[in-house]
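Take a look at the letters that make up each chain.
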Amino acid sequence: MEEWKFLPFAHTALKNLFSKPVTTSYPFAPAKYPERMRGHVEIDIESCISCGLCARNCPPGAITVDRAAGTWTIQRFDCVQCGNCTNVCPKKCLHIRPGYTEPDCQKHSETFTRPVKPAAPATKPAAPAAQPAAQPAQTPKSDPQ
Ligand code: SF4
Ligand code: SF4
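These figures come from a predicted structure and were not determined experimentally.

Reading the values: rules and limits
Residues numbered from 1 in each chain as written. Chains lettered and ligands numbered in written order. Predicted model: local features only at pLDDT ≥ 70, side-chain atom pairs only at ≥ 80, totals over all residues. Helix = DSSP H or I, 4+ residues; strand = E, 2+ residues; numbered from the N terminus. Buried ≥ 20, exposed ≤ 12 C-beta atoms within 10 Å, placed from the backbone. Contact = placed C-beta atoms within 7 Å. Near = placed C-beta within 6 Å. Nonpolar A, V, L, I, M, F, W, Y, C, P; charged D, E, K, R; others polar. Core = buried A, V, L, I, M, F, W, Y, C linked by C-beta atoms within 7 Å. Expected span 1.5 Å × (residues − 1). Pairing = 2+ DSSP bridges. Axes fitted to C-alpha atoms, helices over the stretch in contact; angles between N-to-C directions.

Caption draft 1: Quick look at the overall build of the protein chain. A count of helices and strands for the protein chain gives three helices and five strands. Listed by position from the N terminus, the elements making up the protein chain come as α-β-α-β-β-α-β-β. The proportion of buried residues among the 145 residues of the protein chain is 8%. At a minimum sequence separation of 6, the contacts of the protein chain that also span at least 24 residues come to 70%.

Caption draft 2: Layout of the site of ligand 1. Within the structure, ligand 1 sits among 14 residues, and Cys58, Cys79, Cys82, Asn84 and Cys85 are positioned closest to it. Of the residues that constitute the shell around ligand 1, the class distribution is 11 nonpolar, three polar and no charged.

Caption draft 3: The environment of glycine 39, seen in detail. Relative to the assigned elements, glycine 39 resides in the loop between α1 (6–17) and β1 (40–43). In this structure glycine 39 comes out as partly exposed when scored by C-beta crowding, with 15 C-beta atoms within 10 Å. Every residue in contact with glycine 39, bar those within four places of it in the chain, is listed here: Tyr33, Ile96, Arg97, Pro98, Gly99 and Tyr100.

Caption draft 4: Spatial organisation of the nonpolar core. Grouped together as the largest cluster of nonpolar side chains are 12 residues: Val41, Ile43, Cys48, Cys54, Cys58, Ala62, Ile63, Trp72, Ile74, Cys85, Cys89 and Leu94. Mapped onto this core, the elements with two or more residues apiece are β1 and β3 (71–75). Residues in contact with cysteine 54, not counting those within four places in the same chain, are Ile63, Cys85, Val88, Cys89 and Leu94.

Caption draft 5: Main features of the site of ligand 2. For ligand 2, the set of nearby residues contains 15 residues, the closest of which are Cys48, Cys51, Leu53, Cys54 and Cys89. Classifying every residue of the shell around ligand 2 by side-chain character gives 12 nonpolar, two polar and one charged.

Caption draft 6: Focus on α1. Under the 1.5 Å per step criterion, the end-to-end length of α1 is 16 Å for 12 residues, consistent within 8% with the ideal 16 Å. α1 sits mainly on the outside: zero of its 12 residues count as buried.

Caption draft 7: A look at the environment of glutamine 106. Locating glutamine 106 in the fold gives a position in the loop between β4 (94–97) and β5 (109–113). Overall, the presence of 5 C-beta atoms within 10 Å leaves glutamine 106 in the exposed class. Each C-alpha atom of the pair glutamine 106 and phenylalanine 77 lies 9.1 Å from the other, and the pair is 29 residues apart in sequence.

Caption draft 8: Main features of the sheet that holds strand β2 (residues 63–66). The strand order across the open sheet built from three strands is β2-β3-β5, with neighbouring strands paired in antiparallel fashion. The two strands at the open ends of the sheet, each matched to only one other strand, are β2 and β5. Recorded for the sheet is a direction-independent mean angle of 15 degrees between the axes of neighbouring strands. Two strands pair when backbone bridges link them, and β2 and β3 are joined in this way by four bridges, in the antiparallel orientation. The residue of β3 that forms the bridge with valine 65 is tryptophan 72.

The analysis is restricted to geometry; functional conclusions fall outside its scope.
In structure tokens, the structure reads:
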């Protein structure tokens, strides 16, 4: 009876022997990400209004918003990909995209700066005040003498 216990194992071994490996040789082959993978946060900085809601609702405090400087900074190694910032952003300019943060020996952050919008066109100069209507030239009356 003991030999029957090896049958499932033999089946698995034979199956793996004649099937493709389930792993890829990353980084030599491109990584394949699952459809709903939570990899990293990306920002469309041009749409950001520096409201700071994402920073206030980030559980590990990975986001810093500087309204005066127009910058949005994320500590990639502190982010836990919970997606909370993407849910609270009123402009919907944050997205969770596939792809992990590259490994590093030290923690580092990424800062994005909102492009400066071109200044509004100067208002039109005021139209010159209307000139009084020209008076017809007075011709001196000739002396009737
Ligand atoms: S995904 Fe979560 S942890 Fe990462 S920045 Fe957004 S709120 Fe913070
Ligand atoms: S919540 Fe959205 S709009 Fe507000 S600071 Fe964060 S990224 Fe910018």
